[in-house]
Amino acid sequence: MTDWLPPLILATSLLPAVATFFLHQESHVWRNTLNLGGALLKVGLVVFMLVEVAGGTLHETRIDLVPGVFLLLRVDALSLLFLTLSAVLWLLTTVYAIAYFDHKPNLSRFFGFFSLCVFATTGIALSGSLLTFFIFYELLTLSTWPLVVHKQNAASMRAGVSYLLYSLPGSVALLFAILWLESAAGPVEFANGADFADLDSASQRWLFLLFAGGLAVKAAMVPLHRWLPAAMAAPAPVSALLHAVAVVKAGAFGFVRVIHDVFGIERVTDLGLGIPLAMLASVTILYGSIQALRQTGIKRRLAYSTVSQVSYIVLGAALVGPLALIGGLAHLVHQGLMKITLFFCAGIYDERAGIHEIAELNGIGARMPWTSVCFSLGALGMIGLPPMAGFVTKIYLGLGAMESGAPWVVAVLAGSTLLNAAYFLPLLYRIWFTPPPDGERPGERPLGIVVPAVITGLGAIAAGLLAGADFSPLGWATLIVERHYQP
């Protein structure tokens, strides 16, 4: 065991966040150096830990707060999956945000909360106990709200209110569930699971319902999803962070922890909790896709696509079978790569060409080819076209559904794929096969807004093409299941 590494990796986000708040608006070099330096150091530490954990080493830090109450940070294979996604996409989003905002106002405030948001996400990934998870989960809510309202216009303020109205009741439900469980079972560490000996079956089911209600808000599951499309009033880098790295992924990651590390597969199966949750995830998958079809704005269509796609992760966890869980865990990374590519591109269309609506995409492929190729890669990946990452996810979820005795899930996946094609292909047709309007060609500069989209777009292809490699998201998800969750 090594006890310094988890706090150090948290510090790579916390220290830049605190220092950035004290910088003047014009301190561009200091601000960019702090945020990029922290992000680069974090990626380096994550690479080191990937090698260590692959070799069987664990890192754990316990900090006693008061007698019987402690913070537990633990680096295991599952925490590293989320942590790696967070670290790599934070670095790329920082590069994108620096180029996107250029010298716009209030950047010290923005990047301070931006790094604080990543600090909270890192804490969620490293949490080794329920209490630690809850503290960072709530810090994420508080640090994300200033980013949602960053523009301070009427739309962003309404989005901020909506975010809090949904998040706070979810927080109460989650806190009540933790207090109830720990009052009966003592402090719950994910490595050991909870002791339910003093709780009857009815109490266990109510506890699971409270946990699910608290996590479903951030995971944007129906009917607790409405805050997410409203949050599209935020700047593009925030949208990218919300949809690919931070908030929605925190909710989905929480479901994996609660099902597999708090209740355990056998208890979830015995109590009959997995299939109802899988059915709710399936309803969310189809509902989100149908709503995406109805949207005329690019970002709102992408937002409802996220509502649908994040529930693939919950579906994989709820089916409580090895293959389905591998598919769900791999999608935690796959969806992040594909969705952040789409939001990077939507931000470039908006910032450089003033395009917000789908009807305005006509002929933009010839005028902004790099951005449009990346957007196309993200969209085809979401549909699940081979060899993209989304194809790998759907194959494993389908096989997992058959393995778990839930063949109806295959019909859900097929319906979702058709709906994905129905709401993405018309955009690609407008981009590549309709004539552009007359006028000046929009630029794709500076490179800082395009290069991150190119890297994540290529990553979405690589995650599919190299899925059989040990270092791929699918390979790492397989390692997690083989080590920790095999029945």
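Keep in mind the model is a prediction, meaning the values are calculated, not measured.

Here's the deal with the pattern of salt bridges
And then number 1: Scanning the entire structure with this criterion turns up 7 salt bridges.
And then number 2: One salt bridge connects Asp 76 with Arg 74, and the closest N-O pair in it is separated by 3.4 Å. You'll find Asp 76 and Arg 74 in the same group, each marked buried.
And then number 3: Across the pair Asp 76 and Arg 257 runs a salt bridge, and its minimum N-O distance is 3.6 Å. You can see Asp 76 sitting in the loop between strand 2 (69-75) and helix 3 (77-101) and its partner Arg 257 sitting in helix 10 (residues 247-263), a full 181 residues away along the chain.
And then number 4: Classification of Asp 76 as buried rests on a relative accessible area of 8%.
And then number 5: The network of salt bridges with shared partners includes Glu 60, Arg 74, Asp 76, Arg 257 and Asp 261.

Side note on the pairing of strand 2
And then number 1: Burial analysis of strand 2 places 6 of its 7 residues in the buried class, the great majority of the element.
And then number 2: The pairing of strand 1 (residues 59-66) with strand 2 spans 7 bridges and is classified as antiparallel. Within the sheet, the bridge partner assigned to Glu 60 lies in strand 2 and is Arg 74.
And then number 3: The hairpin turn running from strand 1 into strand 2, its antiparallel successor, is 2 residues long, and Gly 68 in that turn takes a positive phi close to 85°.

Thoughts on unusual backbone geometry
And then number 1: Going from Val 222 to Pro 223, the amide bond is cis rather than trans, its omega being 5°.
And then number 2: Counting through the fold element by element, Pro 223 comes out in the loop between helix 7 (201-218) and helix 8 (227-230).
And then number 3: Cis geometry marks the peptide bond from Pro 386 to Pro 387, where omega comes out at 5°.
And then number 4: Among the secondary structure elements, Pro 387 is positioned in the loop between helix 16 (369-383) and helix 17 (389-403).

Cut-offs and rules
- Residues numbered from 1 in each chain as written.
- Predicted model: local features only at pLDDT ≥ 70, side-chain atom pairs only at ≥ 80, totals over all residues.
- Heavy atoms only, no water.
- Salt bridge = Lys/Arg side-chain N within 4 Å of Asp/Glu carboxyl O.
- Buried < 20%, exposed > 50% of the residue type's maximum accessible area, 1.4 Å probe, protein only.
- Helix = DSSP H or I, 4+ residues; strand = E, 2+ residues; numbered from the N terminus.
- Pairing = 2+ DSSP bridges.

Spatial relationships are all this shows, so hold off on functional conclusions.
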